[in-house]
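Residue strings, one per chain:
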Amino acid sequence: DVKVTQSSRYLVKRTGEKVFLECVQDMDHENMFWYRQDPGLGLRLIYFSYDVKMKEKGDIPEGYSVSREKKERFSLILESASTNQTSMYLCASSPQGGLGQPQHFGDGTRLSIL
Amino acid sequence: SQQGEEDPQALSIQEGENATMNCSYKTSINNLQWYRQNSGRGLVHLILIRSNEREKHSGRLRVTLDTSKKSSSLLITASRAADTASYFCATPPGYNKLIFGAGTRLAVHP
C-alpha cells in the first residue's frame, strides 16, 4: 500500500531554532509537496519538488527552504523558527504526468514554536 | 490563492441522513478531486471527476460536476458516525500541483 511517512507527529521547538521536518515516500513518485494547514485557511503550498534536486516555490515560501537529495525524501527546513510558523505541516507525493494527479498525504506534523 | 471554496463551512447531521457539500471554483479545470481528512490526520483522496464527466459514484459517494456553473457537489448517502471528518475539494491550476479549498467540517451524530 502507498505510504508517506512524516518523521514526527508532534514537535515543540523554540524561536530562532533551525527546524527540520522529514518526509519519506515509498511509491517512487516524482512529485513531493509541503503544505501548512491553519484553521480557516485550508492547505497552503510552501514548496514543491518535481525531481531530485529540483524545487519550486509555492504560495508561502518565506522563512522556509527545502532539500531533495534522494527521490524518496523531501525535507522542509525552517531556517530560524518563529511563533507564526506554529502550524500543522503536511507532506504529500504524486506521480508525474498529466494535470492534477491525486496526491498521497502523510499524517502531518503538528509543530509548536515557543 | 484558493481556487475551490466549499460550502457550507460546517454541517451537522444524524446517522442515516445524507450529507451534501458543494465546491465552487474560478477557472477552467481538467479535473476536480475530493479528499477527506479525519481529525489530526492527513488527507485521503476520495474521488476524481474529469471535466468531461457530469457524475461519478464510488460506494456511498456521489460527485457531480457542472462546468458551466464552475461547481461540484459531494453527496454522502446514509451517513455513519465514521464519516465525521473535513472534506476538501481540489483543482489543478497546472501540471502536478493542486489548489485546495478551506473545507467543509462534517459531524455525523449517532
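Quick summary incoming for the structure in this document.

The rules we used
- Residues numbered from 1 in each chain as written.
- Chains lettered and ligands numbered in written order.
- Predicted model: local features only at pLDDT ≥ 70, side-chain atom pairs only at ≥ 80, totals over all residues.
- Heavy atoms only, no water.
- Disulfide = S-S within 2.5 Å.
- Helix = DSSP H or I, 4+ residues; strand = E, 2+ residues; numbered from the N terminus.
- Pairing = 2+ DSSP bridges.
- Axes fitted to C-alpha atoms, helices over the stretch in contact; angles between N-to-C directions.
- Contact = heavy atoms within 4.5 Å.
- Buried area = accessible area lost by both parts, 1.4 Å probe.
- Salt bridge = Lys/Arg side-chain N within 4 Å of Asp/Glu carboxyl O.
- Polar contact = N/O pair within 3.5 Å; in protein donor to acceptor, adjacent residues only side chain to side chain.
- Nonpolar A, V, L, I, M, F, W, Y, C, P; charged D, E, K, R; others polar.

Here we come to the state of the cysteines. Considering all chains together, one arrives at 2 disulfides over all chains under this definition. Between the sulfur atoms of A:Cys23 and its disulfide mate A:Cys91 the distance is 1.9 Å. Residues A:Cys23 and A:Cys91 are joined through a disulfide that is left-handed, its torsion about the S-S bond being -80 degrees. Here A:Cys23 is found in strand β3 (residues 19–25), whereas its partner A:Cys91 is found in strand β9 (residues 87–94), with 68 residues between them in sequence. Residue B:Cys23 pairs covalently with B:Cys89 via a disulfide, S to S 2.1 Å. Residues B:Cys23 and B:Cys89 are joined by a disulfide whose S-S torsion is about 70 degrees; by sign, that bridge is right-handed. Within this pair, whereas B:Cys23 is found in strand β3 (residues 19–24), its partner B:Cys89 is found in strand β9 (residues 85–91), the two being separated by 66 residues in sequence.

Residue and element names in this part refer to chain A. Here we have 4 strands laid out as an open sheet, ordered β1-β3-β8-β7, and antiparallel in their pairing. Sheet topology places β1 (4–6) and β7 (64–70) at the edges, where each strand pairs with a single neighbour. On average, each strand axis in the sheet is inclined to that of its neighbour by 20 degrees, with strand direction left out of account. Here β3 runs beside strand β8 (residues 73–78); their pairing, made up of 6 bridges, is antiparallel. Across the sheet, residue Cys23 finds its bridge partner in β8, namely Phe74.

In this complex, chain A contributes 28 residues to the contact, which on the side of chain B involves 23 residues. When chain A packs against chain B, close to 2000 Å² is buried across both sides, 51% of that on carbon and sulfur atoms. Scanning the region where chain A abuts chain B turns up 2 salt bridges. Two residues, B:Arg41 and A:Asp107, come together in a salt bridge whose shortest N-O distance is 2.9 Å. For the pair chain A and chain B, the interface holds 8 residue pairs in polar contact (both at pLDDT 80 or more). Those elements giving two or more residues to the side of chain A that touches chain B turn out to be β4 (31–38), β5 (42–51) and β9 of chain A. Classifying every residue of the side of chain A that touches chain B by side-chain character gives 12 nonpolar, 12 polar and 4 charged.

On to unusual backbone geometry. The omega torsion of the bond from B:Asp7 to B:Pro8 falls at 0 degrees, within 30 degrees of zero and hence cis. Following the sequence through the fold, B:Pro8 ends up in the loop between β1 (5–7) and β2 (10–14). At A:Lys53, a residue that is not glycine, the phi angle is positive and equals roughly 65 degrees. Located in the positive-phi region is B:Ala78, a residue other than glycine, with phi close to 50 degrees. Along the chain, the position of B:Ala78 falls in the loop between β8 (71–76) and β9.

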